[in-house]
Amino acid sequence: MNPAVRIQSEDFDPAAEMDALASGRTDIGAVASFVGLCRDEEGRLSALELEHYPGMAEAEVARVAGEAARRWPLLGLTVIHRYGLIRPGERIVLVAAASSHRQPALAATEFLMDYLKTRAPFWKREHLATGELGAWVAAKEADDAAASRWAAPV
Amino acid sequence: MKLVYFAWVRERVGRAEEHVEPPAGIGTVAELVAWLKSRGEGYAHAFENERVIRAAIDHVHARPDASLQGAREVAFFPPMTGG
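- The name an unreviewed UniProt entry assigns to chain B is Molybdopterin converting factor subunit 1, from the organism Enterovirga aerilata.

Here it is as structure tokens:
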């Protein structure tokens, strides 16, 4: 199983991505997914700007996806992470995992999101509704804690 | 050696990338940071709190004690906030 990793500025279609994982197959019994969206933080933001490290972003997401594929018996895995200016309500990230039974697909999806937050080289900057450029979003300790609960580090 | 900077590290340093020839004796990521800090105010500001700065060597996360032997591209950036 080769994970599909895409780092792109364009939007994506979650339903189409999930359908593609199971299309033409009869061995898959579960497809789990997570979609991350841009929030407006109660009207405060006009957009989030996502800076990324081209080359390393693809490599690091592929490493984490490969680790998920080693830990769980997955039959398919797609990870898409966008960069650039993303407006409230728009999609930022997709993780979709397929397996015979639900547990590996659900666990791998959660694992991927925890690790993407702390290891994938992306940085969010706020654009304010007032038209001003806002601050860089600070990393959360809660995200480090979420990643560290998966026994062995990636 | 190529250096690349991202997010507020890039802004503080004042450039996205540069080529440098560190002096002999600079063998680790931490030693490179110490040398960079001596190169001017922007660098000193960017690296003032070394504990929060993350590094990567040739697209792989690297700790401060990681060797620069054979490194082609070294990146410095704040903690990541993707996902």
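1. Considerations on the nonpolar core
And step 1. If you look at the biggest cluster of nonpolar residues, it comprises 54 residues, and the most contacted ones within it are A:Val61, A:Leu112 and B:Ala75.
And step 2. By residue number, the principal contributor to this core is strand S6 (residues 91-99) of chain A, which donates seven residues.
And step 3. Among residues more than four places away in sequence, those in contact with A:Val61 are A:Val5, A:Ile7, A:Val79, A:His81, A:Leu116 and A:Ala120.

2. Considerations on the sheet that holds strand S7 (residues 122-128) of chain A
Residue and element names in this part refer to chain A.
And step 1. The strand order across the open sheet formed by four strands is S5-S3-S7-S8, and the pairing between neighbours is antiparallel. At either end of the open sheet lies a strand with only one pairing partner, and these are strand S5 (84-86) and strand S8 (133-136). Here the strands of the sheet are splayed against their neighbours by 30 degrees on average, with no regard to which way each runs.
And step 2. In this structure, S7 lies alongside S8, joined through two bridges in antiparallel fashion. Note on S8: the bridge partner recorded for His 127 is Leu 133.

3. A closer look at unusual backbone geometry
All names here are of chain B.
And step 1. With a phi angle near 50 degrees, Asp 58 is a residue other than glycine that sits in the positive phi range.
And step 2. With respect to the secondary-structure elements, Asp 58 resides in the loop between strand S3 (54-57) and strand S4 (60-62).
And step 3. Even without a glycine there, the phi angle at His 59 is positive, about 75 degrees.
And step 4. With respect to the helices and strands, His 59 occurs in the loop between S3 and S4.

4. Details of the interface of chain B and chain A
And step 1. Chain B puts 14 residues into the contact, and the matching count from chain A is 21 residues.
And step 2. Every element with two or more residues in the side of chain B that touches chain A is listed here: helix H1 (7-13) and strand S5 (73-77) of chain B.
And step 3. Its residues assigned to classes, the side of chain B that touches chain A comprises nine nonpolar, five polar and no charged.

5. Looking at helix H2 (residues 29-37) of chain B
Residues and elements named next belong to chain B.
And step 1. Along H2, the positions that sit buried rather than exposed are Val 29, Leu 32 and Leu 36. All buried residues of H2 project into a common sector of 60 degrees when viewed along the axis, lining one side.
And step 2. Tucked inside the fold, the buried residues of H2 contact helix H3 (41-46), S3, S4 and S5.

6. Brief notes about the packing of helix H3 (residues 102-119) of chain A against helix H4 (residues 141-148) of chain A
All names here are of chain A.
And step 1. Close contact between H3 and H4 brings their axes to 8 Å; oriented N to C, the two are set at 130 degrees. Between H3 and H4, the angle is such that the two are oblique. Of the two elements, H3 crosses H4, and the hand of that crossing is left-handed. For the pair H3 and H4, contact is made by Asp 114, Tyr 115, Lys 117 and Thr 118 and by Asp 143, Asp 144, Ala 146 and Ala 147, respectively.
And step 2. Along the lines of polarity and charge, the residues of the contact of H3 with H4 split into three nonpolar, one polar and four charged.

7. Considerations on the sheet that holds S3(B)
Residue and element names in this part refer to chain B.
And step 1. The mixed open sheet is built from five strands, whose spatial order is S2-S1-S5-S3-S4. Each end of this open sheet is capped by a strand with a single partner; those strands are strand S2 (17-19) and S4. Taken over all neighbouring pairs, the strand axes of this sheet differ in orientation by 25 degrees on average, direction set aside.
And step 2. Across three bridges, strand S1 (residues 2-5) lies against S2 in antiparallel orientation. Its bridge partner lying in S2, Lys 2 is registered against His 19.

8. Considerations on the environment of A:Leu85
Residues and elements named next belong to chain A.
And step 1. Position of Leu 85 among the secondary structure elements: in strand S5.
And step 2. Overall, the presence of 15 C-beta atoms within 10 Å leaves Leu 85 in the partly exposed class.
And step 3. With 20 residues separating them along the chain, Leu 85 and Ala 65 place their C-alpha atoms 25 Å apart.
And step 4. Contact partners of Leu 85, with chain neighbours within four places excluded, come to Ala 47 and Glu 49.

Criteria and thresholds
- Residues numbered from 1 in each chain as written.
- Chains lettered and ligands numbered in written order.
- Predicted model: local features only at pLDDT ≥ 70, side-chain atom pairs only at ≥ 80, totals over all residues.
- Core = buried A, V, L, I, M, F, W, Y, C linked by C-beta atoms within 7 Å.
- Buried ≥ 20, exposed ≤ 12 C-beta atoms within 10 Å, placed from the backbone.
- Helix = DSSP H or I, 4+ residues; strand = E, 2+ residues; numbered from the N terminus.
- Contact = placed C-beta atoms within 7 Å.
- Pairing = 2+ DSSP bridges.
- Axes fitted to C-alpha atoms, helices over the stretch in contact; angles between N-to-C directions.
- Nonpolar A, V, L, I, M, F, W, Y, C, P; charged D, E, K, R; others polar.
- Arc of directions from axis to C-beta.
- Parallel < 35°, antiparallel > 145°, perpendicular 65-115°, else oblique.
- Left-handed = near helix turned anticlockwise from the far one by under 90°.

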